[in-house]
Amino acid sequence: MSTTVTAYAAPSATEPLVKTTIERRDVGAHDVLIDIKYAGICHSDIHTVRGEWGPQQFPLAPGHEIVGFVTEVGSEVTKHKVGDRVGVGCMVNSCGECANCQAGQEQYCLNGPTFTYGSVDRDGTITQGGYTTSVVVTENFVVNVPEGLALDVAAPLLCAGITTYSPLRHWGAGPGKKVAVVGMGGLGHMGVKIAHALGAEVTVLSRTLSKKDDGIALGADHYYATEDPETFTALAGQFDLILNTVSAPIDVDAYLNLLALDGALVNVGAPPEALSLHAFTLIGARRSFAGSNIGGIRETQEMLNFCAEHNLGSEIELISADQINEAYERVLASDVRYRFVIDTATMA
Ligand code: NAP
Ligand code: ZN
């Protein structure tokens, strides 16, 4: 048994998203039914539905920055109750038993996490994401949105927030640390806000200076244009941590050269193309080149609490569902200030 709900989905990798319907399973003993109010648009949604990360089963409704209210809970549910303000991010399940799941790192589940859309679910169906009006999720993968955060600006935290918070914490961003954020988009602008709130000295590395005033207002101490070759000379050997959020390939060596001794360049940007580097750029200053995938459920809750405490919502542009395709084009043109969020009330 299931319920049919309105959704916006891609019919194929080459067609725009269209209004359609998807099925939601009945609420099981450990499930929570969420009435979705807002859903953010992540660049990963675009990579995925356009087949850039590999073939998909269509139709596919993307969306993994989901917030709303609990409207029903299963008989065994203890963590959430009807009326709670909740969120769902990039995962809706994992094996729960492997070492990584046990350590609260479900995003690195050794049996493969179940992603919010485009994944084979435990019942064999393909998961469908948040560009819709409701979702049924097992309670352990539902987090609470603290009262201090408005729901619309909280939505992007479920992916852009945790994807920047987790590596910033893991690599020790804080007082006395020089952190650079590459790319001032959805992830990048949250990276700036969070790194600043953690007490780090923050530099934005964007292609141009067109968003400089915004970057400084969001908490950056410095702002440089990467289109200017002088930037790479002026900043050589400066940073303890560089967080790369760019959705396209970058010149890895050029950024590694900006790291101080023992510095790390952490890649969260996920272009389909391979990235390459020269061993000597690492060897020359014991540098690291690393990656990071979203964050675990416990850490996602910690991030939401941190953002509520520091009043860190996302900068958003609220759109109606019929503007999704236009929003995709604007994301691809880097014309996003700084996250599109769909008001699902416009889906009816
Ligand atoms: P976004 O809003 O489009 O931001 C990406 C930024 O990258 C742009 O604002 C732009 O910044 C820069 N950029 C874009 N194209 C570029 C190019 N050709 N050359 C140089 N810079 C370019 O995207 P997002 O939603 O933040 O996502 C960013 C990337 O992270 C995507 O690849 C996404 O799939 C990935 N992602 C990874 C994870 C993870 O867990 N690792 C989670 C979510 C997303 P400037 O205009 O400032 O230069
Ligand atoms: Zn995302």
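Note that the coordinates shown come from a computational prediction; the quantities given were computed from them, not determined experimentally.

**Student:** For this particular structure, what's the right way to read the coordination of the zinc ion (ligand 2)?
**Tutor:** In an ideal octahedron of six donors the angles at the metal are 90 or 180 degrees, and in an ideal tetrahedron of four donors they are 109.5 degrees. Looking at the metal site, the zinc ion (ligand 2) is ligated by Cys-42 (SG), His-64 (NE2) and Cys-159 (SG), spaced 2.0 to 2.2 Å from it. Taken in chain order, the donor set of the zinc ion (ligand 2) reads C-x21-H-x94-C. Here the residue Cys-42 occupies a position in the loop between β3 (31-40) and α1 (43-49), and His-64 occupies one in the loop between α1 and β4 (66-73), the gap between them amounting to 22 residues. Accessibility expressed as a relative area gives 8% for His-64, which makes it buried.

**Student:** What is the right way to read unusual backbone geometry from this model?
**Tutor:** Between Phe-58 and the following residue, Pro-59, the backbone shows a cis peptide bond with an omega angle of 0 degrees. For Pro-59, the position within the fold is in the loop between α1 and β4. Here the bond from Arg-337 into Tyr-338 is cis, since omega is -10 degrees, no more than 30 degrees from zero. Secondary-structure assignment places Tyr-338 in the loop between α11 (324-332) and β17 (339-343). Residue Asp-262 is not a glycine yet carries a positive backbone phi of 65 degrees. Here Asp-262 is to be found in strand β14 (residues 259-267). Of note in the backbone geometry, Arg-286 takes a positive phi value of approximately 45 degrees without being a glycine.

**Student:** Looking at this model, I keep getting lost on the site of ligand 1. Mind explaining?
**Tutor:** Taken together, 29 residues lie around ligand 1, and His-43, Ser-206, Lys-211, Ile-294 and Arg-339 are the ones closest in. Between ligand 1 and Arg-207, the relevant distance is 2.9 Å, taken from an oxygen atom to a side-chain nitrogen or oxygen of the residue. Isolated, ligand 1 exposes 920 Å² of accessible area, and the fraction of that covered by the protein chains is 88%. Of the residues forming the shell around ligand 1, the biggest block, three residues, is contributed by α1. Grouping the constituent residues of the shell around ligand 1 by class yields 12 nonpolar, 14 polar and three charged.

**Student:** Help me understand the environment of Ala-7, please; the structure alone is not making it clear to me.
**Tutor:** If you trace the backbone, Ala-7 turns up in strand β1 (residues 2-9). Take Ala-7: its relative accessible area is 0%, and that puts it in the buried class. Distance from Ala-7 to Val-246, taken between C-alpha atoms, is 29 Å for residues 239 residues apart in sequence. If near-sequence neighbours (up to four positions away) are discounted, Ala-7 is found in contact with Val-18, Lys-19, Thr-20, Thr-21, Ile-22, Ala-61, Tyr-131 and Thr-132.

**Student:** Help me understand helix α5 (residues 186-197), please; the structure alone is not making it clear to me.
**Tutor:** Helical periodicity: at 3.6 residues per turn, an α-helix aligns residues three or four positions apart in one direction. Taking 1.5 Å of rise per residue, 12 residues should cover 16 Å, and α5 covers 17 Å from first to last C-alpha, within 8% of that figure. Taking burial as the measure, the 12 residues of α5 include 10 buried ones, the bulk of the element. All of the buried residues along α5 are Gly-186, Leu-187, Gly-188, His-189, Met-190, Gly-191, Val-192, Lys-193, Ile-194 and Ala-195. Backbone geometry just after α5 places Gly-199 at a positive phi near 100 degrees.

**Student:** I keep staring at the nonpolar core and nothing clicks. Help me out?
**Tutor:** With 62 residues, the main nonpolar core has Leu-149, Leu-157, Leu-168, Val-192 and Ile-194 as its most contacted residues. With six residues, helix α10 (residues 297-309) is the largest single contributor of residues to this core. Three or more residues apiece are contributed to this core by two domains, here domain 1 (2-159 + 314-347) and domain 2 (160-291).

**Student:** Any chance you could explain the packing of helix α4 (residues 160-170) against α10 here in plain terms?
**Tutor:** For any two helices packed against each other, one specifies the inter-axial angle together with the distance between the axes. Relative orientation of the contacting elements α4 and α10 amounts to 95 degrees, with a least axis distance of 10 Å. In terms of axis orientation, α4 runs roughly perpendicular to α10. For the pair α4 and α10, contact is made by Gly-161, Ile-162, Tyr-165, Ser-166 and Arg-169 and by Glu-299, Thr-300, Glu-302, Met-303 and Phe-306, respectively. The class makeup of the residues in the contact of α4 with α10 is four nonpolar, three polar and three charged.

Reading the values: rules and limits
Residues numbered from 1 in each chain as written. Chains lettered and ligands numbered in written order. Predicted model: local features only at pLDDT ≥ 70, side-chain atom pairs only at ≥ 80, totals over all residues. Heavy atoms only, no water. Donors = N, O, S within 2.8 Å, 3.2 Å for Na, K, Ca; no water. Helix = DSSP H or I, 4+ residues; strand = E, 2+ residues; numbered from the N terminus. Buried < 20%, exposed > 50% of the residue type's maximum accessible area, 1.4 Å probe, protein only. Near = heavy atom within 4 Å. Polar contact = N/O pair within 3.5 Å; in protein donor to acceptor, adjacent residues only side chain to side chain. Areas by Shrake-Rupley, 256 points an atom, 1.4 Å probe, with all protein chains shown as cover. Nonpolar A, V, L, I, M, F, W, Y, C, P; charged D, E, K, R; others polar. Contact = heavy atoms within 4.5 Å. Expected span 1.5 Å × (residues − 1). Core = buried A, V, L, I, M, F, W, Y, C linked by side-chain atoms within 4.5 Å. Domains from an automatic or database assignment. Axes fitted to C-alpha atoms, helices over the stretch in contact; angles between N-to-C directions. Parallel < 35°, antiparallel > 145°, perpendicular 65-115°, else oblique.

By themselves these figures say nothing about function.
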